[in-house]
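Topology and contacts: notes
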Amino acid sequence: MKRLGKFCLLPGLVSAGVLIGGCGTAAPQEIKIMTYNIHAGIGMDDQFNLPRLAEVIRANGADVIGLEEVDINNPRSQRSDIPRELGQLLNMHPAFIKAVAFHEGTSQYGNAVLSKYPLEVVDKLPLPGDGNAEPRAALVVKVAAEQPFYFIVTHFVWEPELEDLRLQSVDAIDQLVQSKKYYPAILVGDLNQEPDAACIEALRKNWTLTNDHGGSKSWPADKPEQQLDYIAFTPKNAFEIVRHQVIGEVMASDHRPVMATLRRNPQP
């Protein structure tokens, strides 16, 4: 844990893993954020291997990770509870949101968060759909870091003709953050579009994209051709971008993990 300046906790004011009380101002904190579409734990070799995924995360030192394409009790992933099992392998706190149920409701598929800090789930947002595309959702958690923040993980529809749904999804997330004052917030996910797409341009209106400060291609993992995985934050000056990188992992999933190191800026 980093040394904190002029910071103290009042006895008894820790609830649901979230730091509630304190005095003074904490020193600026660096946070390593990762977004990783894990392809249900199935790698480029078509093998399901959670320890391999866990090692990718561990080796890169991520503090908070947003995971997409996450299964619970699905035959293709050996009926594993992926968020719980990865959490155990990494000694991290997991949270999950279901976007779709399969196999007559016995299997779940969606997004997850892993964090070395305690988490509080504060919102589960179904994203706009048209009744035909696979349902999508966003999970919002509060991260009890030394300087707490909100963390959102999502996965947009992929079909090229569904740009309107992606635009509506950006708007839905914006409205949720603004109406409930989820500030500062970090948004991560597989947004299934290149940086010049309309939905990414719409995201830039209220969010700073770390991809704009060193982004590169992340899919497919073995020979990346597209930049689909993003990390962003709001307010636009909430953090300093220390580093943005795509990790050169070619086997554990069909996407490469994307990471950003962020330093919290003083809040006005």
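Remember, it's a predicted structure, so these values are computed and weren't measured experimentally.

A word on the overall build of the protein
- Along the backbone of the protein there are four helices and 14 strands.
- Relative to its full complement of 268 residues, the protein shows a buried share of 53%.
- Summing over all exposed atoms, the protein offers an accessible surface of approximately 12,000 Å²; the carbon and sulfur share of this is 50%.

Observations concerning the environment of Glu-68
- Within the secondary structure, Glu-68 sits in strand 4 (residues 64-72).
- A polar atom in the side chain of Glu-68 sits 3.1 Å from the side chain of Thr-35.

Some remarks on the pattern of salt bridges
- This model, assessed by the stated rule, comprises 13 salt bridges.
- Here Asp-63 ties to Lys-116 by a salt bridge, and the two come within 3.2 Å at their closest N and O atoms. One end of the pair, Asp-63, is in the loop between helix 1 (50-60) and strand 4; the other, Lys-116, is in the loop between strand 6 (107-115) and strand 7 (119-126), and 53 residues separate them in sequence.
- Look at Asp-63 and you get buried, because its relative accessible area is 9%.

Quick word on unusual backbone geometry
- With an omega of -10 degrees, the peptide bond between Trp-219 and Pro-220 qualifies as cis.
- Relative to the assigned elements, Pro-220 resides in the loop between strand 11 (208-209) and strand 12 (229-234).
- The omega angle of the peptide bond from Thr-234 to Pro-235 is -5 degrees, so this bond is cis rather than trans.
- Within the fold, Pro-235 resides in the loop between strand 12 and strand 13 (239-246).
- Phi angles above zero are rare outside glycine, and Asp-46 is one such case at about 65 degrees.
- The topology assignment puts Asp-46 in the loop between strand 3 (30-37) and helix 1.

With respect to the sheet that holds strand 10 (residues 185-190)
- Strand order in this open sheet of six strands is 7-8-9-10-12-11, and the pairing throughout is mixed. With partners counted over all chains shown, the strands left at the sheet margins are strand 7 and strand 11, one partner each.
- Packed on one face of the sheet, helix 3 (residues 163-180) meets strand 7, strand 8 (137-143), strand 9 (149-155), strand 10 and strand 12 and runs near 135 degrees to strand 7.

Some points on the environment of Arg-204
- Along the chain, Arg-204 turns up in helix 4 (residues 198-204).
- Put simply, Arg-204 and Thr-234 are 30 residues apart on the chain and 9.8 Å apart in space, counted from C-alpha to C-alpha.
- If we ignore the near neighbours within four places in the chain, the residues touching Arg-204 are Pro-195, Leu-209, Asp-212 and Lys-236.

Describing the packing of aromatic side chains
- Tallied over the entire structure, the rule returns four aromatic pairs.
- With centroids separated by 6.4 Å and ring planes inclined at 90 degrees, the aromatic side chains of Phe-149 and Phe-239 adopt a geometry described as edge-to-face. One end of the pair, Phe-149, is in strand 9; the other, Phe-239, is in strand 13, with 90 residues separating them in the sequence.
- Note on Phe-149: relative accessible area 1%, which makes it buried.
- Measuring from ring centre to ring centre gives 5.4 Å for Phe-233 and Phe-239, while their planes differ by 70 degrees; the resulting arrangement is edge-to-face. Exposure class is identical for Phe-233 and Phe-239. Each is buried.
- Through pairs of rings, three or more aromatic residues link up here, namely Phe-149, Phe-233 and Phe-239.

Reading the values: rules and limits
Residues numbered from 1 in each chain as written. Predicted model: local features only at pLDDT ≥ 70, side-chain atom pairs only at ≥ 80, totals over all residues. Heavy atoms only, no water. Helix = DSSP H or I, 4+ residues; strand = E, 2+ residues; numbered from the N terminus. Buried < 20%, exposed > 50% of the residue type's maximum accessible area, 1.4 Å probe, protein only. Areas by Shrake-Rupley, 256 points an atom, 1.4 Å probe, with all protein chains shown as cover. Polar contact = N/O pair within 3.5 Å; in protein donor to acceptor, adjacent residues only side chain to side chain. Salt bridge = Lys/Arg side-chain N within 4 Å of Asp/Glu carboxyl O. Pairing = 2+ DSSP bridges. Contact = heavy atoms within 4.5 Å. Axes fitted to C-alpha atoms, helices over the stretch in contact; angles between N-to-C directions. Phe/Tyr/Trp six-rings, centres within 6.5 Å; stacked < 30°, edge-to-face > 60°.

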